Amino acid sequence: MQAITEQARKIKLLIMDVDGVMTDGRIYYNAQGEESKSFYVQDGLGLKLLQSTGVRLAIISGRADRCVEHRAQALGIDFYFGGIHNKQEALNQLLQQAEVTLEQCAFIGDDLIDLPVLRRVGLAVAVPAAPTLVRQHAHYVTGFPGGQGAVRELAELIMQAQGNFDAIVARYLA
C-alpha cells in the first residue's frame, strides 16, 4: 500500500472511464429508445472535494451520450472525451491539454478498452468487476464497485495521500 500512497501523492489529474466505473455498467432504455444511466451521488461529492484540492478531472469514455455530458458539466469535469475508441490517442491529447506527465495521472477503468491507458499512467486503478486481465494491470483495485463508491474511494485515497483529507473532513465537523 505504501507504493500506492507514494504514487497517489503525485496525482494532478484523475481520468475516469464511465460505464462500469462512474456507473454500475447498466444502460437503461425507455420505450422511445432513449438511454439513461445512474450515477452515485457520493462519487460526485468525492470528485468535487478532490477538485477543491487542485486535482483536475477528466473523462475518456468509449461511448458518447448526453447523460454523461450532463453529468460531466454538473460536476465541472475539466476534460471530456466521449465516443473514444482509441483511448491511448485521447490520453496523448489530454496530456498536452492538461500539461501533465503520465506519472501525474491516475486512471480508473473496468474493461479491455481501458488497458492502453491503465498500462501507461502513474496510478492505474480498476474496479472489482473488471475482468481478471484488467485487474492484473492495475496498481490498485477498489473495494467498492463501479457506480457504488469506487470513484469516491479513489478520490479519498488521493486526498489522504496528498494530506488534504483531514482538512476537508474538518470543515464538515466544525
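These figures come from a predicted structure and were not determined experimentally.

Novice: Any chance you could explain empty space enclosed by the protein here in plain terms?
Specialist: Once rolled over the atoms, a probe with the size of a water molecule shows which space is left empty. Within this structure, the stated rule accounts for one cavity of 30 Å³ or more. If you add up the space inside the largest cavity, you get close to 30 Å³. Along the walls of the largest cavity sit Met 22, Phe 39, Tyr 40, Asp 43, Gly 44, Leu 47, Arg 71 and Leu 75, which together make up its complete lining. Elements with a contribution of two residues or more to the lining of the largest cavity: α2 (41-52) and α3 (66-75). By residue number, the principal contributor to the lining of the largest cavity is α2, which donates three residues.

Novice: Even after reading the chapter, I still don't get the side chain of Ser 61, so can you show me in this structure?
Specialist: Of note, Ser 61 is situated in the loop between β4 (56-60) and α3. Classification of Ser 61 by relative accessible area gives buried; the value is 1%. Separated by 3.1 Å, the side chain of Ser 61 and the backbone oxygen of Arg 63 make a polar contact. The residues touching Ser 61, leaving out its near neighbours within four places in the chain, are Asp 17, Val 18, Phe 81, Gly 82, Gly 83, Ile 84 and Lys 87.

Novice: Can you walk me through the sheet that holds strand β8 (residues 140-141) in this structure?
Specialist: Strands pair in a sheet through their backbones, by hydrogen bonds, and they do so in one of two ways: parallel or antiparallel. With parallel pairing, the six strands of this open sheet are ordered in space as β5-β4-β1-β6-β7-β8. The open sheet is flanked by β5 (79-81) and β8, the only strands paired with a single partner. As defined by bridge partners, strand β1 (residues 13-16) adjoins β4 across four bridges and the pair is classed as parallel. Paired with Leu 14 across the bridge in β4 is Leu 57. In the packing of helix α4 (residues 87-98) onto the sheet, the strands contacted are β1, β4, β5 and β6 (105-109), and the crossing angle to β5 comes to about 160 degrees.

Novice: I would appreciate a short explanation of helix α1 (residues 2-9) in the present structure.
Specialist: For an α-helix the count is 3.6 residues per turn, leaving residues at separations of three or four pointing the same way. Of the positions making up α1, those classed as buried are Ile 4, Gln 7 and Ala 8. The buried residues of α1 all sit within an arc of 100 degrees when viewed along its axis, so they share a single face. Across α1 from its buried face, at more than 90 degrees, point the exposed residues Gln 2 and Ala 3. Where α1 is buried, its residues touch β7 (123-126), β8 and α7 (150-161).

Novice: Can you help me understand the pattern of salt bridges in this one?
Specialist: Where charged atoms from two side chains of opposite charge approach closely, those side chains can pair. Taken as a whole and assessed by the stated rule, the structure comprises 11 salt bridges. The residue Asp 17 makes a salt bridge to Lys 87 at a minimum N-O spacing of 3.0 Å. One end of the pair, Asp 17, is in the loop between β1 and β2 (28-29); the other, Lys 87, is in helix α4, and 70 residues separate them in sequence. Each of the two residues, Asp 17 as well as Lys 87, counts as buried. One salt bridge in this structure joins Asp 19 and Arg 63, with 3.4 Å as the shortest N-O distance. You can see Asp 19 sitting in the loop between β1 and β2 and its partner Arg 63 sitting in the loop between β4 and α3, a full 44 residues away along the chain. Assessed through its relative accessible area of 29%, Arg 63 is described here as partly exposed. Within this structure, Asp 19, Glu 35, Lys 37, Arg 63 and Asp 65 form a network of salt bridges that share partners.

Definitions and cut-offs
- Residues numbered from 1 in each chain as written.
- Predicted model: local features only at pLDDT ≥ 70, side-chain atom pairs only at ≥ 80, totals over all residues.
- Heavy atoms only, no water.
- 1 Å grid on protein atoms, 1.4 Å probe; cavity = no way out; pocket = protein on both sides within 12 Å on 5 of 7 lines; lining within 4 Å.
- Points joined across faces, edges and corners; volume = space filled by probe spheres on them.
- Helix = DSSP H or I, 4+ residues; strand = E, 2+ residues; numbered from the N terminus.
- Buried < 20%, exposed > 50% of the residue type's maximum accessible area, 1.4 Å probe, protein only.
- Polar contact = N/O pair within 3.5 Å; in protein donor to acceptor, adjacent residues only side chain to side chain.
- Contact = heavy atoms within 4.5 Å.
- Pairing = 2+ DSSP bridges.
- Axes fitted to C-alpha atoms, helices over the stretch in contact; angles between N-to-C directions.
- Arc of directions from axis to C-beta.
- Salt bridge = Lys/Arg side-chain N within 4 Å of Asp/Glu carboxyl O.

Honestly, that's just the spatial picture; any functional story needs more than this.
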